[in-house]
Amino acid sequence: MSARRLILILGDQLTHGLGALKDIDREHDHVLLAEVMEEASHVPHHPKKIALIFSAMRHFSEALRARGIQVHYVTLDDPDNSGSLAGELLRWTQRLDPAEVHLTECGDWRLEQALRHCGVPIHWHQDSRFICSRDAFAAWAKGRKQLRMEFFYREMRRDSGLLLNLDGTPEGGAWNFDADNRKALPKGVRPPAPLSIEPDAITRDVLALVERRFTSHYGSLEGFDYPVTAEQAEHLWQYFLAQGLADFGDYQDAMADGEPFLFHSRISAALNIGLLDLRRICAEVEAAYRAGDVPLNAAEGFIRQLIGWREYVRGIYWLRMPEYAEGNRFGNSRALPEFYWTGKTRMNCMRQAIGQTLEHAYAHHIQRLMATGNFALLAGIAPKAICDWYLAVYMDAFDWVELPNTLGMVMHADGGYLGSKPYCASGQYIKCMSNHCQGCSYKVSESTGESACPFNALYWHFLMRHREPLERNPRIGMVYRNLARMTEAKQQALWDWGERLLAKLDAGEML
Ligand code: SF4
């Protein structure tokens, strides 16, 4: 007998309450999940990321079966595997002859287009795991000259009721306590040991498969210990609530040698593939604050990341794709240096950030923004090259979240649509926020010469080469006044050394 409905579930849609799974008829409906090479390799995804998604998909399909749902699961090694999700949808539609095919909105414009045009009529479901729908964001953005996260965030706070007083004013008298969240890690303050989850038989099978099939992808599979089920993700979440959240606010921007996770939750990958519920975890953060267990700057900072920034970047992505991906305001064309893939650089801050990325498929937001991202911005790396790198190497990176963060926030390549200024900084910022400079072969106090911190001359070179239009930006114009106070000889020396560093990059020399 033909299926009544065929429901395709993607690797980042592993949520029982998903739109396409609502009202499922266990007797007549069929669910399809497929591991396909196209999704695993359209950029060279980190092996741990592929392992996470495949293992979580396999566990989710078992959980669906345990609920009595008929599931068809296509493994990567299946000889009939067509290699793409559109191909699998076609193949299974022909095989099961369903009356209807159902799918929840994708997280990737490229994939959604492929599925919309694969020849199978699809009933699309809104992704209700997000608070702000694509349409609601478009309605908010309509008619606004500038889209600013802060104003969007306040609306999300009002809509959700999170951290609000009874009269609708924000808890603590301000919407945003970010100014309290920029402390470096003091000596003697130790972050909690990261929670480690032992791989089970399903995960071990997936690890063997990934090791065999993705030999050319950068990054280590060793020590995979990430949650692959909703229960394990909950364990990680409760561990963070108890051990990390109280200090998350103060030290969320800090970086430290040999400390890949600090007080960060590490839940982003689990959240982005659907193993955790956004509304519930925000409510639990508020409850922890109301119970006096965590300070307001930690609770507000965490909630802002989720209902503010995360929803905002998704809104921008769907509002502006596909043109958004073409943004290149500074006209950058430089290739990504090889050390982004190997971590082989004398710059300790970059070595720390890239090294832990290759090991864990993880770096926190300031490492991504102010170390690897800042360097790419200052060095004029082509936006597509750096965007593809971020998409490939981070376990939590999906196009809807990676592209606006990298192209907009990191590279300012969207011309300031997402962020009002480029986040460029010299080595001084990294010195203030980390202990990396103490263990570096470069001297952060020097700006030119072989031992000078490369971030310094590249920072001034970036500002000089993009004077027009940055000088007119009120949020960054001040640094041009600092530049003007330098002697012409000093300015020339910075320019010349910046040129020298860029030439080294172009020649593939190590920095
Ligand atoms: Fe990074 Fe420069 Fe500090 Fe070295 S000296 S760690 S390159 S900021």
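Definitions and cut-offs
- Residues numbered from 1 in each chain as written.
- Predicted model: local features only at pLDDT ≥ 70, side-chain atom pairs only at ≥ 80, totals over all residues.
- Heavy atoms only, no water.
- Helix = DSSP H or I, 4+ residues; strand = E, 2+ residues; numbered from the N terminus.
- Buried < 20%, exposed > 50% of the residue type's maximum accessible area, 1.4 Å probe, protein only.
- Polar contact = N/O pair within 3.5 Å; in protein donor to acceptor, adjacent residues only side chain to side chain.
- Contact = heavy atoms within 4.5 Å.
- Axes fitted to C-alpha atoms, helices over the stretch in contact; angles between N-to-C directions.
- Parallel < 35°, antiparallel > 145°, perpendicular 65-115°, else oblique.
- Nonpolar A, V, L, I, M, F, W, Y, C, P; charged D, E, K, R; others polar.
- Near = heavy atom within 4 Å.
- Phe/Tyr/Trp six-rings, centres within 6.5 Å; stacked < 30°, edge-to-face > 60°.
- Domains from an automatic or database assignment.
- Buried area = accessible area lost by both parts, 1.4 Å probe.
- Salt bridge = Lys/Arg side-chain N within 4 Å of Asp/Glu carboxyl O.
- Pairing = 2+ DSSP bridges.
- 1 Å grid on protein atoms, 1.4 Å probe; cavity = no way out; pocket = protein on both sides within 12 Å on 5 of 7 lines; lining within 4 Å.
- Points joined across faces, edges and corners; volume = space filled by probe spheres on them.

Participant: An account of the side chain of T15 is needed here, citing residue identities and associated values.
Facilitator: Here T15 is to be found in the loop between β1 (5-8) and β2 (30-34). The exposure class assigned to T15 is buried, which follows from its relative accessible area of 16%. Looking at T15, its side chain comes within polar contact range of the side chain of R129, at 3.2 Å. Among the polar contacts made by the side chain of T15, one reaches the main-chain carbonyl oxygen of G274 at a distance of 2.9 Å. Sequence-distant contacts of T15, defined by excluding residues within four places in its chain, comprise L21, F60, R129 and G274.

Participant: Explain the packing of helix α6 (residues 149-160) against helix α12 (residues 296-320) to me, using residue names and the numbers behind them.
Facilitator: Relative orientation of the contacting elements α6 and α12 amounts to 110 degrees, with a least axis distance of 9 Å. Taken together, the axis directions place α6 and α12 in an arrangement best described as roughly perpendicular. Touching M149, F152, Y153, M156, R157 and S160 of α6 are E300, R304, I307, G308, W309, E311 and Y312, all from α12. Here the contact of α6 with α12 is composed, by residue class, of 7 nonpolar, 2 polar and 4 charged.

Participant: An account of the site of the ligand is needed here, citing residue identities and associated values.
Facilitator: Near the ligand you find M347, C349, G427, I430, H436, C437, C440, Y442, V444, C453 and F455, and these make up its full shell. Along the lines of polarity and charge, the residues of the shell around the ligand split into 9 nonpolar, 2 polar and no charged.

Participant: I'd like a description of the pairing of β2, backed by residues and values.
Facilitator: Successive side chains on a regular strand alternate, one facing one side of the sheet and the next facing the other. Among the 5 residues in β2, 5 count as buried, and that is most of the element. Burial along β2 is two-sided: H30, L32 and A34 facing one way and V31 and L33 facing the other are all buried.

Participant: Can you explain the packing of aromatic side chains? Please cite residues and give values.
Facilitator: For any pair of aromatic rings, the description rests on two quantities: the centre-to-centre distance and the angle between the ring planes. Throughout the structure, instances matching the rule amount to 25 aromatic pairs. Considering the side-chain rings of W237 and F302, the 5.6 Å spacing of their centres and the 40 degrees angle between planes classify their relative orientation as tilted. Residue W237 is located in helix α8 (residues 230-243), and its partner F302 is located in helix α12; the two are separated by 65 residues in the primary sequence. This pair shows no difference in class: W237 is buried, exactly as F302 is. Each member of the aromatic cluster is reached from another via a ring pair, and the members are F339, Y340, F375, W389, Y390, Y394 and F455.

Participant: Describe the domain arrangement of the protein chain, with residues and values.
Facilitator: Looking at the protein chain, the domain boundaries give domain 1 (5-125), domain 2 (135-192 + 244-320) and domain 3 (339-506). Taking only C-alpha atoms, the centre of domain 2 and the centre of domain 3 are 25 Å apart. Taken together, the contact between domain 2 and domain 3 spans 31 residues of the former and 31 residues of the latter. Surface buried jointly by domain 2 and domain 3 totals about 2800 Å² across both partners, of which 62% is contributed by carbon and sulfur atoms. Among the residues domain 2 hides against domain 3, the three largest losses belong to M255, D257 and Y317. Together they make up 26% of the total. On the surface where domain 2 and domain 3 come into contact, there are 0 salt bridges. Along the contact surface separating domain 2 from domain 3 lie 13 residue pairs in polar contact (both at pLDDT 80 or more). Mapped onto the side of domain 2 that touches domain 3, the elements with two or more residues apiece are α10 (268-272) and α12. Of the residues forming the side of domain 2 that touches domain 3, the biggest block, 10 residues, is contributed by α12.

Participant: Describe in detail unusual backbone geometry, supporting the description with residues and values.
Facilitator: A cis geometry characterises the amide bond from M321 onward to P322, with omega recorded as 5 degrees. Within the secondary structure layout, P322 lies in the loop between α12 and α13 (339-342). For D23, which is not glycine, the phi dihedral falls at a positive 60 degrees. Topologically, D23 is positioned in the loop between β1 and β2.

Participant: Mind laying out the sheet that holds β1, listing which residues take part and the relevant values?
Facilitator: Reading across the sheet, the 5 strands line up as β3-β2-β1-β4-β5 and stay open at both edges, with parallel pairing between neighbours. The two strands at the open ends of the sheet, each matched to only one other strand, are β3 (70-74) and β5 (123-125). On average, each strand axis in the sheet is tilted by 25 degrees relative to the strand beside it, whichever way the strands run. Pairing of β2 with β3 involves 5 bridges; the strand directions are parallel.

Participant: Explain empty space enclosed by the protein to me, and be specific about the residues and the numbers.
Facilitator: By the definition in use, this model includes 6 cavities of 30 Å³ or more. Volume-wise, the largest cavity comes out at about 380 Å³. Surrounding the largest cavity, 26 residues form its lining, G11, D12, E39, I53 and F398 being those nearest its centre. Of all the elements in the fold, those that place two or more residues in the lining of the largest cavity are α1 (37-41), α2 (47-66) and α4 (109-116). The element that contributes the greatest number of residues to the lining of the largest cavity is α2, accounting for 5 residues. Split by residue class, the lining of the largest cavity holds 15 nonpolar, 4 polar and 7 charged. A domain-level breakdown of the lining of the largest cavity finds at least three residues from each of domain 1 (5-125) and domain 3 (339-506).

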